[in-house]
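Examination of the molecular architecture
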Amino acid sequence: MLSKVLSFGLIGIDGYAVQIETDIIGGVPHFDIVGLGDTAVKEAKERVKSAIRNSGFEYPVKHYTVNLAPADIKKEGPLYDLGIAVGILSASEQIKTKKYQNFVFIGELSLDGTIKKVRGVLPILISARSLGFKNVIIPKENEEEARFIDGMNIYALHTLKEVVEFLNDETEHPIEKIQTRTFDEVVRESNNKLDFENVKGQAQAKRALEIAAAGGHNVLMIGPPGSGKSMLAKCFSGILPDLTFEEALEVTKIHSIAGELDLKKGIITERPFRTPHHTATTVSLTGGGNHSKPGEISLAHNGVLYLDEFPEYSRQLIETLRQPLEDGSITVARAMQTITYPANFTLIASMNPCPCGNYGSKDRECKCSPVQIHKYLSKISGPIMDRIDIQVEVDNITYGELNSTQKEECSADIKKRVDKARAVQLERFKNSKTYSNAKMSVPQMKKFCVLSKDCQDLMETAFTNLKLSARAHDRILKVARTIADLEGCEEIQPQHIAEAISYRGLDRKYWSI
Amino acid sequence: MDLRDRFLIFMSMCEIPNKKQEKFLECLENFSMDAVFAHPMTKKILSVDEFLKVEREYDPQVLDASIQNMKNCGIEIVTVFSEKYPKSLIDLPDRPLILYAKGDMSLLDEKCFAIVGTRMPSNYGKIITEKFAKCLAESGLVIVSGLCYGVDSIAHKSTLEVGGKTIAIIGSGFNHIYPATNVSLAREIAEKGLLLSEYPPSFEAKRYTFPRRNRIVAGVSDGVLITEAGMKSGTVHTKEFALLYGKDIFAVPGNITNSKSELTNHLIKTAQAECALSPDDIVEFYDLTKKVQEKKALSLNFDEQMIVKLLENGEQNFDFLAEKTKIPVNILNSCLTTLEIRGLIRKLPAQTYALVSS
């Protein structure tokens, strides 16, 4: 007998339909899975065999051939287990109705017949819906992440036995499709996030991060060890605007594929904050690889990628950030396939001013030679610097500042200003693909960053007197635009330009001597 | 260019030490190379290796070609026999017998003044070096230094910035500028001032060439100013040579707890150097007319005045200014930048700001 069961596979963050064809013929007992499966797929036969027997069904000793079509795309992971089991059971006529033909099956099987959670349920459901599939059976453990998909009949089931009973209409109690939830119902909880309230001093850095959050600018923080760069960065995600539903779905999709989703919550409500260590490999950052998973920069999509000790990362790895920083996505081309993952993140990088970290410090002496300092700084190439709008210096704070009782502004207050500035930008860029000032294209800059005579004069004197490099020009304009937005100004004023220039510390000449 | 010049050029290209060349000058009468090889003293002066090298490398055509080549590159070769040889050097006991020059040789006849110091100056060192260099250059002194990192670079750059004349004396050949980051600065100096070396263009810097170079720095200058230097700095050599040659030495006092000011403070304490508290001290010492700067009529607003007032007591960091002035951070940022653009204050690494005193 031949049966055909539907399941789904993933390329990048999009799903595609996979047809599981099962043929049972008499002859020498044998089980073969064809269709370019990886080891996890090949091993499915052992799991399926035991799961069927241990669920109280019969596993006829015959010759089985299972084909996963389309046969030329590589299939990965154990999510086809359930589909294969259903295929065998219907081919051996233990599933009596044809109801299964309308369903998509996703799930890994345990030897005792339990359906276990799998990666990538949310993206599969989204793709299935857009491809016109209506009914899906998913593992019970993945129930929460499926709740945000409306317009589909999704059933979250525990065991293989339950699935068969459901398909045979033999269940004791009717099995309901899962209840959908709306995004607004989700409680947004800020899980022990650091608050700017707890950071003493560092007024300039805080202001710089506020601007960065408001305009989506990338930031480089330069300062000696122990000056609080990491702490500032960790506070940063607390002042970013809340995720919208679309953004949250995108983020959740990527995390679901990477298997990093908290299954109890089902959806991610917080902007991600990723901090890969500087020993990270290029593939772990970009994604792809053998099991084509999204990398750190995609997991930071719609959130923050924090690279501490920036020059310690390998040169090649830093350079791979160039395309994603520009396009907001990364295309990983491998021999087998080409995958595009979204990677629209804000980069926060921090570094010491020199190998020993004390260059320019007031109270500690730097022991590095000028060559060492030059080499250290030049690890960050020009093109990368070009993509970082704000460079801010952070200095050690004194004991007095540390103990001062002065109340610092809390993140919630800063966030209100950020939200307002973002709203201005969304209004400005509606009907275009830009969302923030940082991503403005050249024509958009010409249109929205018009400088008055005063501003132009200021720019000109600034360039000659401060010896700013040419690449600083556009960065300054973009940041000035954001500062104006924060203040609610239509036009960029001279003081906005002046402030924007103060965030170009590294372009100054004293860094080069 | 006579035989003696050719002889010296060839010897310098073979990297024969200065002292041995002097010995040749004492005993030789005929400077044609054939005569040199035949002369009995040659084998006493040169070591076996050097002798073989000189003999192996001597080829009149190649020598002519490389001299021509240097000329084409704009390099002027001045030997001790040349009229252009600087008068300040001619009587020195360890004078360089040959000088390679790029730029305006006449600068050496003007009043030259060296500004030297540590390769890694503190913020204080940077600020005062710039201040002294600018002011002295504007008073008409030609600023001499060694094109190294730190004080040297700042002295050259500041001089060029105010349109002054500067001489860079380097411890390597012109094709091997050290440090490499200063190549563009060297090019600018060659255009607007003078680049000088006693080594042929293909000569690479060696450990011992830097102290050697310092004797020329001290030699060509009427006086030497040390702005900031520690006891182990190469500046010690410049000072020693300056003492030996009887030049005026000035030192800027520094913080006694800072190891980078040890040498300058020590020189002042032991009365080896004049204490220079401001560029005026040097200007008056040499009876120069200081270019009177027109006080720019600056209109500062209240906030800006407050910042300037606070910085009068020395450099301060951002958080200090924010706390004392109570100006909101965004306004403070833009005020500081405006002041910086106007040239009133200076931003130093690590959020520190200092007043540019005039």
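What you are looking at is a predicted structure, and each value in this text was computed from that prediction instead of being measured. (Residues numbered from 1 in each chain as written. Chains lettered and ligands numbered in written order. Predicted model: local features only at pLDDT ≥ 70, side-chain atom pairs only at ≥ 80, totals over all residues. Heavy atoms only, no water.)

**Looking at the overall build of chain A**
For clarity, the cut-off: Here a helix means four or more residues in a row that DSSP labels H or I, a strand means two or more in a row labelled E, and each is numbered from the N terminus. Exposure is judged per residue with a 1.4 Å probe applied to protein chains only, and the accessible area is read against the type maximum: over 50% gives exposed, under 20% gives buried, and values in between give partly exposed. Any two residues whose heavy atoms approach within 4.5 Å are treated as being in contact.
If you tally the helices and strands in chain A, you get 21 helices and 18 strands. Principal-axis analysis of the C-alpha atoms places the extent of chain A at approximately 90 × 50 × 45 Å. Residues classed as buried in chain A amount to 55% of the 513 residues present. In chain A, the share of contacts with a sequence separation of at least 24, taken over all contacts with a separation of at least 6, comes to 74%.

**So, the overall build of chain B**
Rules: In this description, accessible areas are obtained by the Shrake-Rupley approach with a 1.4 Å probe, and a residue is regarded as covered only by the protein chains that are shown. For this count, His and the chain ends are skipped, Lys and Arg are scored as positive, and Asp and Glu as negative. Lys charges are placed at NZ, Arg charges at CZ, Asp charges at CG and Glu charges at CD.
In terms of regular secondary structure, chain B is built from 17 helices and twelve strands. In chain B, once contacts between residues fewer than 6 apart in sequence are set aside, the share between residues at least 24 apart is 70%. Accessible area for chain B stands at about 16,000 Å²; split by element, carbon and sulfur atoms hold 51% of it. Computing the positive centroid from 43 side-chain charges and the negative centroid from 46, chain B places the two 4 Å apart.

**Description of the packing of aromatic side chains**
Basically, it comes down to this: Planes of paired rings set the category: under 30 degrees apart is stacked, over 60 is edge-to-face and the rest tilted, where pairs are Phe, Tyr or Trp rings (Trp by its six-membered ring) whose centres lie within 6.5 Å. Two conditions define a charge sitting above a ring: the NZ of Lys or the CZ of Arg must be within 6 Å of the ring centre, and it must be within 35 degrees of the ring normal.
The tally for this structure, following the rule as stated, stands at 25 aromatic pairs over all chains. Summarising the aromatic geometry, the rings of Phe429(A) and Phe448(A) are spaced 5.6 Å apart at their centres and angled 90° between planes, so their arrangement reads as edge-to-face. Highlighted residues: Phe429(A) in the loop between helix H17 (411–428) and helix H18 (442–448) and Phe448(A) in helix H18, separated in sequence by 19 residues. Residue class for Phe429(A) comes out buried when judged on its relative accessible area of 2%. Chaining the aromatic ring pairs together yields one cluster made of Phe103(A), Phe105(A), Tyr155(A) and Phe166(A). One Lys or Arg, Arg428(A), reaches over the ring of Phe448(A) and ends 5.7 Å from the middle of that ring. Residue placement shows Lys206(B) over the ring face of Phe203(B); its charged tip is 4.1 Å from the ring centre.

**Here's the deal with the sheet that holds strand S1 (residues 76–79) of chain B**
Residue and element names in this part refer to chain B. Just so we agree on the cut-off: Strand pairing is assigned whenever DSSP detects at least two bridges linking the two strands. To obtain an axis, a line is fitted to C-alpha atoms, over the contacting stretch when the element is a helix, and the angle between two such axes runs from 0 to 180 degrees between their N-to-C directions.
Taken in spatial order, the nine strands make up an open sheet running S1-S2-S6-S5-S4-S3-S7-S8-S9, and their pairing is mixed. Every other strand in the sheet has two partners, leaving S1 and strand S9 (274–275) as the edge strands with one partner each. Taken together, the two bridges between strand S8 (residues 248–251) and S9 define a ladder with parallel strand orientation. Residue pairing across strands places Phe250 opposite Glu274, the latter belonging to S9. Sitting on the sheet, helix H1 (residues 3–13) touches S1 and strand S2 (98–103), and the angle it makes with S2 is about 90°. The strands touched by helix H11 (residues 209–220) within the sheet are S2, strand S3 (112–116), strand S4 (142–145), strand S5 (166–170) and strand S7 (223–226), with S5 carrying the most contacts at an inclination of about 155°.

**Observations concerning the sheet that holds strand S18 (residues 390–393) of chain A**
Residue and element names in this part refer to chain A. If you trace the five strands from one edge of the open sheet to the other, you get S11-S14-S17-S10-S18, paired in parallel fashion. Looking at strand neighbours, the two that pair on one side only are strand S11 (273–274) and S18, the edges of this open sheet. One ladder, built from four bridges, connects strand S10 (residues 219–222) with S18; its direction is parallel. Residue pairing in the sheet places Ile222 in a bridge with Glu393 of S18.

**A word on the interface of chain B and chain A**
How we decide: Just to be clear on terms, a salt bridge is a Lys or Arg side-chain nitrogen sitting within 4 Å of an Asp or Glu carboxyl oxygen. By the criterion applied in these results, polar contacts are pairs of N or O atoms within 3.5 Å in which, for protein atoms, one can donate a hydrogen and the other can accept it, and in which residues neighboring in sequence qualify only through two side-chain atoms.
Tallying the contact residues gives 34 residues for chain B and 40 residues for chain A. At the junction of chain B with chain A, the criterion picks out one salt bridge. A salt bridge links Glu393(A) to Lys347(B), with the shortest nitrogen-to-oxygen separation between them at 2.5 Å. Summed over the shared surface of chain B and chain A, the result is nine residue pairs in polar contact (both at pLDDT 80 or more). Every element with two or more residues in the side of chain B that touches chain A is listed here: helix H8 (123–138), helix H9 (151–161), strand S10 (316–317), helix H16 (318–325), helix H17 (329–341) and strand S11 (345–348) of chain B.

**With respect to the packing of helix H15 (residues 302–311) of chain B against H16(B)**
Residues and elements named next belong to chain B. Convention followed: In this scheme, roughly parallel covers angles under 35 degrees and roughly antiparallel covers those over 145, while 65 to 115 is roughly perpendicular and the rest are oblique. Should the near helix be turned counterclockwise from the far one by less than a right angle, the crossing is left-handed, whereas a clockwise turn marks it as right-handed.
Two elements in contact, H15 and H16, have axes separated by 11 Å at closest approach and are oriented at 125°. As far as their axial angle goes, H16 and H15 are oblique. Here H15 and H16 pass one another in a crossing that is right-handed. Only Phe320, Leu321, Lys324 and Thr325 of H16 make contact with H15, whose side of the interface consists of Met306, Leu310 and Leu311.

**Points about the pairing of S4(B)**
All names here are of chain B. The line we're drawing: Looking down the strands as they point away from the viewer, one classifies a crossover as right-handed if the path from the first strand across the helix to the second runs clockwise.
The alternating pattern of S4 places Val142 and Val144 on one face and Ile143 and Ser145 on the opposite face, and all of these are buried. In the sheet, S3 pairs with S4 via three bridges, with the strands oriented parallel. By the bridge assignment, Ala114 is partnered in S4 with Val144. Between the parallel elements S3 and S4, the chain passes through H8 in a crossover that is right-handed. As paired strands, S4 and S5 are joined by three bridges and run parallel to one another. The residue bridging Ile143 from the neighbouring strand is Thr166, located in S5. In terms of handedness, the path from S4 via H9 over to S5 forms a crossover that is right-handed.

**Examining the domain arrangement of chain B**
All names here are of chain B. So the rule is basically this: How far each domain reaches was decided by an automatic or database domain assignment. Defined in terms of a 1.4 Å probe, buried area is the accessible area two parts forfeit on being brought together, summed over both.
Segmentation of chain B into domains returns domain 1 (1–72), domain 2 (105–285) and domain 3 (302–355). The partner domain 3 presents five residues to the five residues of domain 2 that form the contact. Counting the surface lost from both domain 2 and domain 3, the interface buries some 400 Å², and carbon and sulfur atoms represent 51% of this. When the buried area of domain 2 at its contact with domain 3 is split by residue, Asn123, Ile127 and Glu130 rank highest and sum to 86% of it.

**As for helix H7 (residues 203–215) of chain A**
All names here are of chain A. In plain terms, the rule: A helix is expected to span 1.5 Å for every residue after the first.
The terminal C-alpha atoms of H7, which comprises 13 residues, lie 19 Å apart, in line with the 18 Å expected from a rise of 1.5 Å per residue. Here H7 lies mainly inside the structure; 13 of its 13 residues are buried. Immediately beyond the C-terminal end of H7, within one or two residues, lies Gly216, with a positive phi of roughly 70°.

**A short note on the pairing of S2(B)**
Residues and elements named next belong to chain B. In this structure, S1 lies alongside S2, joined through four bridges in antiparallel fashion. Bridge pairing in S2 places Glu76 opposite Ala101. Inspection of the sheet shows S2 paired to strand S6 (residues 194–197) by four bridges, in the antiparallel sense. Each residue of the ladder has a partner; that of Ala101, found in S6, is Leu196.

**A short note on the side chain of Arg346(B)**
Looking at the element boundaries, Arg346(B) is found in strand S11. For Arg346(B), the side chain forms a polar contact with the side chain of Glu130(B), separated by 2.7 Å.

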